Amino acid sequence: MAKVTIYHNPRCSKSRQTLDLLHQHAIEPDVVEYLKTPPDARQLERILDLLGIEPRQLMRCDEAEYRDNGLDDPALSRAQLIQAMVDHPKLIQRPIVISGNRAALGRPPEQVLEIL
């Protein structure tokens, strides 16, 4: 079985539910509390590629950091949006589960089962 990593926020109910679901399936993932240990730009590029989405689709657009930094500006580049998530990891949707060369957002938590 491939190594499984979860980008986790213990204060988020969906993140906790996803971690519990992994445990129920006898999977002991590497847990990255991304607010304490945020991914760098290279890691975010890989996550986006694995998910097959663009940066804004991984961003929590309702956060103050999104509004305060004008991240809704369509002129912002992919690199600028990724850097915003590096600078403000609170903007990153959670949880993200990576298994080998596959990734899924745990929204809903059961969605991660598709990549295991």
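Residues numbered from 1 in each chain as written. Predicted model: local features only at pLDDT ≥ 70, side-chain atom pairs only at ≥ 80, totals over all residues. Heavy atoms only, no water.

1. With respect to the pairing of strand E2 (residues 30–33)
At step 1: Two elements, strand E1 (residues 4–8) and E2, share four bridges in a ladder whose sense is parallel. Within E2, the position partnered with His8 by the bridge is Glu33.
At step 2: In terms of handedness, the path from E1 via helix H1 (residues 13–24) over to E2 forms a crossover that is right-handed. (Pairing = 2+ DSSP bridges. Helix = DSSP H or I, 4+ residues; strand = E, 2+ residues; numbered from the N terminus. Right-handed = clockwise from strand over helix to strand, strands pointing away.)

2. Here we look at the state of the cysteines
Simply put, the disulfide is a covalent bond whose two ends are the sulfur atoms of two cysteines.
At step 1: Using the criterion set out here, one finds zero disulfides in the structure.
At step 2: With no disulfide of its own, Cys12 lies closest to Cys61 among cysteine sulfurs, the gap being 16 Å.
At step 3: Overall, the relative accessible area of 5% leaves Cys12 in the buried class.
At step 4: Since its relative accessible area comes to 39%, Cys61 is described here as partly exposed. (Disulfide = S-S within 2.5 Å. Buried < 20%, exposed > 50% of the residue type's maximum accessible area, 1.4 Å probe, protein only.)

3. Notes on the side chain of Asn9
At step 1: With respect to the helices and strands, Asn9 occurs in the loop between E1 and H1.
At step 2: When neighbours within four sequence positions are excluded, Asn9 is seen to be in contact with Ser15, Tyr34, Leu35 and Arg94. (Contact = heavy atoms within 4.5 Å.)

4. A word on the layout of surface pockets
At step 1: Its boundaries defined by the atoms lining it, the largest pocket holds a volume of some 170 Å³.
At step 2: For the lining of the largest pocket, the secondary structure elements donating two or more residues are E1, E2 and helix H2 (41–51).
At step 3: Looking at the lining of the largest pocket, the element that brings in the most residues is H2, giving four residues. (1 Å grid on protein atoms, 1.4 Å probe; cavity = no way out; pocket = protein on both sides within 12 Å on 5 of 7 lines; lining within 4 Å. Points joined across faces, edges and corners; volume = space filled by probe spheres on them.)

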